[in-house]
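Architecture and fold: a report
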Amino acid sequence: MKLKFNVTGRTQPDPFIFEDNGKFYIYVTANSGVEAYSADDIFGEWKHEGVICSVDGWVQYWAPCIAKIGGKYYLYFSCQNKECFQHLHVAEGESPLGPFTKKKMLYDRFTIDAHVVETNAGLFLWYAENNCEDERVGTRVFVDKLIDPMTPANICKEVIRPSFDEEIFKRNRFGDGKDWHTLEGAFYFREGDWQYVMFSGACYENETYHIGYAAAKTDEEDLTKIDFVKHTDNGKWVPTMFKNDVEEGVGHHSVIKLDGQYYAIYHGRDVIVDPNDASSERRTARICKLNVKDGIITADR
């Protein structure tokens, strides 16, 4: 089931869903700044709110997320300037749509795809960065503790590593004979005794682009101390969400629980028979039910 949007001709890559005071918001990737949508019902009509945050001199605003902490709203996103790769930033605001005034770069290295959560042990930042030392080089999922909403502790832990060819972003990407892998778009949540980290793997243009997850049965509140185990089928690759007959490029999602039911809000592309009819950017936000029980996640699509 697709989310309905009342703005035609737009795309919504990397949708992050957020509920506040009975209203819903989705934040998406865009070139000139973080774009947002709002709705009174996730299955109703969505209003395009336009660009709600940007940083002077920076472009390509990727994979935003938002958190409400101490009555303030903190918008996390990565962006790039002419001299550097993507860097994670945070901006503080007075409402889910801003204005976002106080802004800060979180890391001085390539970092993307934030998800900030709070447990009894404090604030934690899930994100993705590179590891070029491992046998399967590439981008993978990390977690860091936050001293406050705008200050990382830099005690980063690598949580989910690539282990399958299906997670390859591009073979021989930099001409050094090494295949580049990508795990990104982490989203953390807890259900009962189990804690989960969902993620996207490969490149959104690849045949094997997918959503998977890792899980841990533990009461530990410090997320940097948990050893999450990637879900497989006896060691074989088994994605939770993958392309089907009607949609492809399925990935980079967020999760919301409403009336006891989990939903994934993700992006995908409608399958087009004639590739000459396809535009370069066709990712739109969609929704499906997630079934979450005893360390296992399945999707109804």
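Residues numbered from 1 in each chain as written. Predicted model: local features only at pLDDT ≥ 70, side-chain atom pairs only at ≥ 80, totals over all residues. Heavy atoms only, no water.

**Topic: the overall build of the protein**
Check the secondary structure of the protein and you find zero helices and 22 strands. For 301 residues, the compact-globule estimate of 2.2 N^0.38 gives 19 Å, and the protein sits close to it at 18 Å. The dimensions of the protein, computed from C-alpha atoms along their principal axes, are 45 × 45 × 45 Å. Expressed as a percentage of its 301 residues, the buried residues of the protein come to 53%. Residue pairs in contact within the protein that sit at least 24 positions apart in sequence constitute 48% of those at least 6 positions apart. Positive and negative charge centroids in the protein, built from 35 and 48 side chains respectively, lie 1 Å apart. (Helix = DSSP H or I, 4+ residues; strand = E, 2+ residues; numbered from the N terminus. Rg over C-alpha atoms; globule rule 2.2 N^0.38 Å. Buried < 20%, exposed > 50% of the residue type's maximum accessible area, 1.4 Å probe, protein only. Contact = heavy atoms within 4.5 Å. Lys, Arg positive; Asp, Glu negative; His and termini not counted. Charge placed at Lys NZ, Arg CZ, Asp CG, Glu CD.)

**Here we look at the packing of aromatic side chains**
Enumeration over the complete set of coordinates arrives at 16 aromatic pairs. The interplanar angle of 75° and the centroid separation of 5.6 Å between the aromatic rings of Phe-43 and Tyr-263 together place this pair among those described as edge-to-face. Placement of Phe-43 in the loop between β3 (34–39) and β4 (47–53) and of Tyr-263 in strand β20 (residues 261–270) is noted, with a sequence separation of 220 residues between them. Plain terms: the ring middles of Phe-189 and Tyr-262 are 5.0 Å apart, the flat faces sit at 40° to each other, and that makes the pair tilted. Here Tyr-262 lies in strand β20 and Phe-189 lies in strand β15 (residues 180–191), a separation of 73 residues in the sequence. Its relative accessible area of 7% is what places Phe-189 among the buried residues. Three or more aromatic residues link up through ring pairs in this structure, and these residues are Phe-18, Tyr-25, Tyr-27 and Tyr-73. We note Arg-283 situated over the ring of Tyr-204; from NZ or CZ to the ring centre the distance is 3.7 Å. (Phe/Tyr/Trp six-rings, centres within 6.5 Å; stacked < 30°, edge-to-face > 60°. Lys NZ or Arg CZ within 6 Å of the ring centre and 35° of its normal.)

**Focus: the sheet that holds β3**
An order of β1-β2-β3-β4 is seen for the four strands of this open sheet, with the pairing classed as antiparallel. If you trace the sheet from one side to the other, it starts and ends with β1 (16–20) and β4, each paired once. Averaged over all pairs of adjacent strands, the angle between strand axes in this sheet comes to 30°, irrespective of strand direction. With five bridges connecting them, β1 and strand β2 (residues 23–28) associate as antiparallel partners. Within the sheet, the bridge partner assigned to Ile-17 lies in β2 and is Ile-26. (Pairing = 2+ DSSP bridges. Axes fitted to C-alpha atoms, helices over the stretch in contact; angles between N-to-C directions.)

**Examining unusual backbone geometry**
Note: most residues except glycine have negative phi, and most peptide bonds are trans. Cis geometry is adopted by the peptide bond preceding Pro-99, which originates at Gly-98 and carries an omega value of 5°. With respect to the element layout, Pro-99 can be found in the loop between β7 (87–93) and β8 (100–105). Phi angles above zero are rare outside glycine, and Asp-113 is one such case at about 65°. Looking at the element boundaries, Asp-113 is found in strand β9 (residues 112–119). Taking the relative accessible area as the measure of exposure, Asp-113 reaches 5% and is therefore buried. A positive phi angle, near 30°, is found at His-252, a position not held by glycine. In this fold, His-252 is placed in strand β19 (residues 247–258).

**Topic: the sheet that holds β19**
Across the sheet, four strands lie side by side as β19-β20-β21-β22; this open sheet has antiparallel pairing. Whereas interior strands pair on both sides, the edge strands pair on one side only; in this sheet they are β19 and β22 (296–300). Averaged over all adjacent pairs, the angle separating strand axes in this sheet is 35°, with direction ignored. Two strands pair when backbone bridges link them, and strand β21 (residues 284–293) and β22 are joined in this way by five bridges, in the antiparallel orientation. Paired with Val-292 across the bridge in β22 is Ile-297.

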